[in-house]
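Here is what each chain is made of, one letter per residue.
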Amino acid sequence: MAAKRIAVLGFSLESNRFAPPCGEADFRERSFLVGEEICLDARAEHPAHDLSLTGFYADMDAACGGAAGWQAVPIRFIASMPAGPVEEAFFKDFLENCRRDLAAAQPVDGVYICEHGGAIATHTHDPDGDMFTMVREVVGPAVPIVATLDLHCNISDEMEEAVDLMIGYRTNPHVDLYERGVEAAGALREMMAGLRPKSYRVRLPLVAPSVTQLTADGYPYGDLIKRGQAMIDEEIMNVSAVTGFAFADTPKNGLTVVVTARHDVARAKQVAIELAESAWRDRERYRPRMISVEEAAAKACAVGADASAPALLFADPADNPGGGGRGNTTYILAAFHAAGVTGCALSPFFDAPLVARAMAAGEGAVIEAAFNTGETQELSLPFTAEARVRGLFDGSFIGTQGMAAGKSMNTGPTAVLEVGGVTVVVVSQRQQALSSDYFSVFGIDPTAMRSLVVKSRGHFRAGFSHLFDPARIHEVDVLGLTSPVLARFDWRYLPRPVFPLDEDATWSPPM
Ligand SMILES: [Zn+2]
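Quick caveat, the model's predicted, so the values are computed rather than measured.

**Looking at the domain arrangement of the protein**
Okay, step 1: You can read the domains of the protein as domain 1 (1–196), domain 2 (197–288 + 484–511) and domain 3 (291–483).
Okay, step 2: Domain 2 and domain 3 are separated by 33 Å when their C-alpha centres are compared.
Okay, step 3: Between domain 2 and domain 3, the contact holds eleven residues from the first and 14 residues from the second.
Okay, step 4: Carbon and sulfur atoms supply 58% of the area buried between domain 2 and domain 3, which totals about 900 Å² over both sides.
Okay, step 5: By the criterion of area lost to domain 3, the three top residues of domain 2 are V211, L214 and R488, representing 46% of everything that side buries.
Okay, step 6: Linking domain 2 with domain 3 are one salt bridge, by the criterion used here.
Okay, step 7: D477 is the salt-bridge partner of R488, the closest N and O atoms lying 3.0 Å from each other.
Okay, step 8: On the surface where domain 2 and domain 3 come into contact, there are three residue pairs in polar contact (both at pLDDT 80 or more).
Okay, step 9: The residue makeup of the side of domain 2 that touches domain 3, split by class, is nine nonpolar, one polar and one charged.

Here you go:
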């Protein structure tokens, strides 16, 4: 039997409607893979790109007796750090390039789409739907297509109609990308052998604030995932319960359950509705619990002055670069500096012009550190203080913890500044603190600090769990493009009423 030919492609962007649009430069900074480059990174010892690709390739290689046992047909894969809507011209260009390359590669036996699913474009709410539809148009109705999706995806009718199986992540922080790629490979092999699975989807008027979507014990979303996975059996192939991404602000927002059965769509429907009903019953638990920046500063001062007190970690979920935040608001930095906090380190702060000035001044120099001189986003306020340049770095490293473990990472040129009692890691490539590596590789021993501040909503938790138990982690309520306080945003497209924004939101299961 001839080796199966499987096309691999994907578009990965989580769009925040309130953040500045993104284009080619944003994708080139993170992932811009054409053809063979996809295979090379997927099979690399320390991949720099999407670990779902790595899992997919590893499982195909293992099941087919090596890379020669199947034929990867790599098309294109691009990803940006979460940002605003993708620019129309760039996206259409990407889509046309994919269409041309995929058409030229025909015939194929199957397709794997490695997608995020939470994108919007400047011209449409649903670029992911355009992507999936394009793939179906090119390969025709008979070729199986499987897609993996971030659990922050917003699923449209077009997405569901175009592909045979959608597989959502089950962990938040997302530590199962590799496993979902493996699952996609196994499912695609079943489908290439003749299986045609059937899905049923339910969307709830429930847009959960970001910090309530953790899958750890004690969180409602973790309970939902567990209930869903317990329903998998011989017939039920996949249960994906995705929270969606609120800040995309689209008509397709809302916690969504997709259940795929091998044969029996009635079973899929029954399981999907049962799970959706349980999520809706649990809706009161999706409320954020944060502390004020004043309270955070007081706590940081207290542990700074008491070496016997357990160290604390403060997260800034409102300025999460992993959700389109700029990674450079100064509310916590300014408050901690004004309060005289000591023994504290903050990472990462996105400010390329400030890194350049620190590099020009050199290690050991004392400079007037002006933050956000190059930034135009109105919530990214300027802040100026005297600072000592403690260290300068090129920003490339291999991660060791959490979502960064084993991956090739890059923060771009990076400067470590001592700003009073707060040591700040200033980076040139916008991103969140995925792990303690974001301190340690820049010469800061995280275990020696009295408190840490991270620009991250929740993914940091997987990369700091070896240092901080959840009781010593506080989410700080400040302004930002990714604030969990949803009432602060001027929503335009979200279907209303929606819980918890609207207490009067109602839902009843489909007949
Ligand atoms: Zn996500």
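**Topic: the coordination of the zinc ion**
Okay, step 1: Protein-derived ligands of the zinc ion are D150 (OD), D150 (OD), H152 (ND1) and H174 (NE2), with the metal-ligand distances lying across 2.0 to 2.6 Å.
Okay, step 2: Classification of the site at the zinc ion as irregular follows from its four donor atoms and the range of 54 to 145° in their angles at the metal.
Okay, step 3: Site description for the zinc ion: donor spacing in sequence, D-x1-H-x21-H. In this pair, D150 is assigned in the loop between β5 (145–149) and α6 (157–162) and H174 in the loop between β6 (165–168) and α7 (177–192), connecting sequence segments 24 residues apart. Of the two residues examined, D150 and H174, each falls in the buried class.

**As for the sheet that holds strand β8 (residues 236–242)**
Okay, step 1: Judged by pairing direction, the sheet is antiparallel, and its three strands sit side by side in the order β7-β9-β8 without closing on themselves. Both outer strands of the open sheet, β7 (198–203) and β8, are each paired with one neighbouring strand and no more. When the angles between neighbouring strand axes are averaged without regard to direction, this sheet yields 10°.
Okay, step 2: Each of β7, β8 and β9 (256–261) is contacted by helix α9 (residues 265–281), which is oriented at about 25° to β7, the strand it contacts most.

**Quick word on the pairing of strand β18 (residues 422–427)**
Okay, step 1: β18 sits mainly inside the fold: six of its six residues count as buried.
Okay, step 2: Side chains V422, V424 and V426 project from β18 onto one buried face, and the interleaved T423, V425 and V427 project onto a second face that is buried too.
Okay, step 3: The pairing of strand β12 (residues 344–350) with β18 spans five bridges and is parallel. Bridge pairing links A345 to T423 in β18.
Okay, step 4: Between strand β17 (residues 414–419) and β18, which pair antiparallel one after the other, the connecting turn spans two residues, and G420 there sits at a positive phi close to 60°.

**Looking at the sheet that holds strand β14 (residues 383–393)**
Okay, step 1: Across the sheet, nine strands lie side by side as β10-β20-β11-β19-β12-β18-β17-β14-β13; this open sheet has mixed pairing. Of all the strands in the sheet, the pair left with one neighbour each is β10 (291–292) and β13 (366–371).
Okay, step 2: Relative to strand β19 (residues 451–454), β12 is paired through four bridges, and the arrangement is parallel. What sits directly across from S347, in β19, is V454.

**So, the pattern of salt bridges**
Okay, step 1: Tallying each qualifying case throughout the model produces 34 salt bridges.
Okay, step 2: Between D164 and R196 there is a salt bridge, and its shortest N-O distance comes to 3.6 Å. Placement of the pair is D164 in the loop between α6 and β6 and R196 in the loop between α7 and β7, with a sequence separation of 32 residues.
Okay, step 3: The exposure class of D164 is buried, given its relative accessible area of 12%.
Okay, step 4: R196 sits in the partly exposed class, given a relative accessible area of 29%.
Okay, step 5: Close ionic contact of R461 with E475 constitutes a salt bridge, the shortest N to O distance being 2.9 Å. A residue pair is termed long-range when its members are at least 10 positions apart, and R461 in helix α14 (residues 460–464) and E475 in strand β20 (residues 473–477) qualify at 14 residues. We note that R461, like E475, is buried.
Okay, step 6: By sharing partners, the salt bridges in this structure join D217, D223, K226, R227, D282 and R285 into a single network.

Rules behind the numbers
Residues numbered from 1 in each chain as written. Predicted model: local features only at pLDDT ≥ 70, side-chain atom pairs only at ≥ 80, totals over all residues. Heavy atoms only, no water. Domains from an automatic or database assignment. Contact = heavy atoms within 4.5 Å. Buried area = accessible area lost by both parts, 1.4 Å probe. Salt bridge = Lys/Arg side-chain N within 4 Å of Asp/Glu carboxyl O. Polar contact = N/O pair within 3.5 Å; in protein donor to acceptor, adjacent residues only side chain to side chain. Nonpolar A, V, L, I, M, F, W, Y, C, P; charged D, E, K, R; others polar. Donors = N, O, S within 2.8 Å, 3.2 Å for Na, K, Ca; no water. Tetrahedral: all angles 85-135°; square planar, octahedral: opposite > 155°, others 65-115°. Helix = DSSP H or I, 4+ residues; strand = E, 2+ residues; numbered from the N terminus. Buried < 20%, exposed > 50% of the residue type's maximum accessible area, 1.4 Å probe, protein only. Pairing = 2+ DSSP bridges. Axes fitted to C-alpha atoms, helices over the stretch in contact; angles between N-to-C directions.

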